[in-house]
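Understanding the architecture of this molecule
One-letter residues, chain by chain:
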Amino acid sequence: MKTPAPREIEKFQTTILAHYRAHGRRELPWRKTKNPYRILVSEFMLQQTQVARVAEKFEPFIERFPDFESLARAPLRDVLLAWSGLGYNRRALHLRETARVVVSRYGGRLPRGFDDLRALPGIGEATAAEIMNFAFNEPRAFIETNVRAVYIHHFFPGKEKVADAEIIPLVERTLDAKNPRRWFYALMDYGVTLKKSHANPSRKSAHHAKQTRFEGSDRQARGRIVRSLAERGMSEAELAKATGLPVARIHTILPGLVRDKLVVRRGAKLGIA
């Protein structure tokens, strides 16, 4: 599409910010802080997990691990127990690994640069950019599901298979460089409203994929295994009883958990790495 005119950009920004003033989700606990550690924790939690679930788990996790140092020295078992209910347990492992790098390499202070953030375990380009905006109020364009929905709705009406490569120049062009923290919060909240009032615009994205069923999935089985082993080490037979999974299913799932460094075998027992 052609580059929008300055007047069109101004109208778009006015619409987004007016909605934020009226309906912004300022009550979310990670929006009440500028503490880089707490914002980092929230970004890990929000990867592929619904906001409502993260809102329940965020503050108890922060109470248990209030800073990089406490998280870095914590046993993985304790971190996984605090993480339980958020799913995708590799994120908890990566979060603790990131805390250890921040403590050992940066003296317990989260680096501000994009390349330094991107090099931390479990942090991709979008998450690094989000941390820059929300922790440091440093402008860096990124796309996530709600941001994508807003730009497709406003700038690509009637078009199908919209690529992120078409959207990112618009994100850069419309970015409020003076207050990127507020701007991206506003974009995300507007995207949430759009999805409630319209057919989800993200379905027109070239990158849209229907979420796979959770019930009965390997992801659900992995979560049950990790949650049980975080309570105590046990044999495969004990694990089958604790999880309700057949031993054959456990045999199928275990290699991936070992490869991800979440689970180890100690003699006849399995436990958290």
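Residues numbered from 1 in each chain as written. Predicted model: local features only at pLDDT ≥ 70, side-chain atom pairs only at ≥ 80, totals over all residues. Heavy atoms only, no water.

Some remarks on the environment of Leu 110
Relative to the elements of secondary structure, Leu 110 occurs in the loop between helix H6 (90–106) and helix H7 (114–118). When the C-alpha positions of Leu 110 and Ile 131 are compared, they lie 9.8 Å apart, and in sequence the two are 21 residues distant. Setting aside anything within four residues of it in sequence, one finds Leu 110 in contact with Pro 36, Leu 40, Phe 68, Val 102, Leu 117, Leu 120, Ile 131 and Phe 136. (Helix = DSSP H or I, 4+ residues; strand = E, 2+ residues; numbered from the N terminus. Contact = heavy atoms within 4.5 Å.)

What about the packing of helix H8 (residues 125–136) against helix H11 (residues 180–197)?
Viewed as axis vectors pointing N to C, H8 and H11 meet at an angle of 120°, and their least axial separation amounts to 7 Å. As H8 runs across H11, the sense of the crossing is left-handed. Contact residues: Glu 130, Asn 133, Phe 134, Ala 135 and Phe 136 in H8; Pro 180, Arg 181, Phe 184, Tyr 185 and Met 188 in H11. In terms of residue class, the contact of H8 with H11 is made up of seven nonpolar, one polar and two charged. (Axes fitted to C-alpha atoms, helices over the stretch in contact; angles between N-to-C directions. Left-handed = near helix turned anticlockwise from the far one by under 90°. Nonpolar A, V, L, I, M, F, W, Y, C, P; charged D, E, K, R; others polar.)

Description of unusual backbone geometry
In this structure, Gln 48 takes a positive phi of about 65° despite not being glycine. The class of Gln 48 is exposed, set by a relative accessible area of 59%. A positive phi angle is found at Lys 161, which is not glycine, with a value near 55°. Inspection of the secondary structure assignment puts Lys 161 in the loop between helix H9 (145–155) and helix H10 (164–174). (Buried < 20%, exposed > 50% of the residue type's maximum accessible area, 1.4 Å probe, protein only.)

Describing the side chain of Glu 130
Of note, Glu 130 is situated in helix H8. Buried Glu 130, no salt bridge; nearest opposite-charge side chain is Arg 31, N-O distance 9.1 Å. Ignoring sequence-local partners within four residues, the contact set of Glu 130 consists of Glu 43, Ala 135, Phe 142 and Met 188. (Lys, Arg positive; Asp, Glu negative; His and termini not counted. Salt bridge = Lys/Arg side-chain N within 4 Å of Asp/Glu carboxyl O.)

Side note on the packing of aromatic side chains
Tallying each qualifying case throughout the model produces eleven aromatic pairs. Judged by centre distance (4.8 Å) and plane angle (70°), the ring pair of Tyr 37 and Phe 68 falls under edge-to-face. Residue Tyr 37 is located in helix H2 (residues 36–46), and its partner Phe 68 is located in helix H4 (residues 68–72); the two are separated by 31 residues in the primary sequence. Comparing Tyr 37 with Phe 68 shows no difference in burial state: the two are buried. A centroid spacing of 6.1 Å and a plane angle of 80° characterise the contact between Phe 61 and Trp 83, whose relative ring orientation is edge-to-face. Taken together, the residues Phe 61 in helix H3 (residues 51–64) and Trp 83 in helix H5 (residues 76–83) connect sequence positions 22 residues apart. Assessed through its relative accessible area of 1%, Phe 61 is described here as buried. Residue classification places Trp 83 among the buried residues on the basis of a relative accessible area of 0%. Aromatic ring contacts, followed pair by pair, group Phe 12, Tyr 151, Phe 155 and Trp 183 into a single cluster. In this structure, Arg 140 packs its charged tip against the face of Phe 114, placed 3.7 Å from the ring centre. (Phe/Tyr/Trp six-rings, centres within 6.5 Å; stacked < 30°, edge-to-face > 60°. Lys NZ or Arg CZ within 6 Å of the ring centre and 35° of its normal.)

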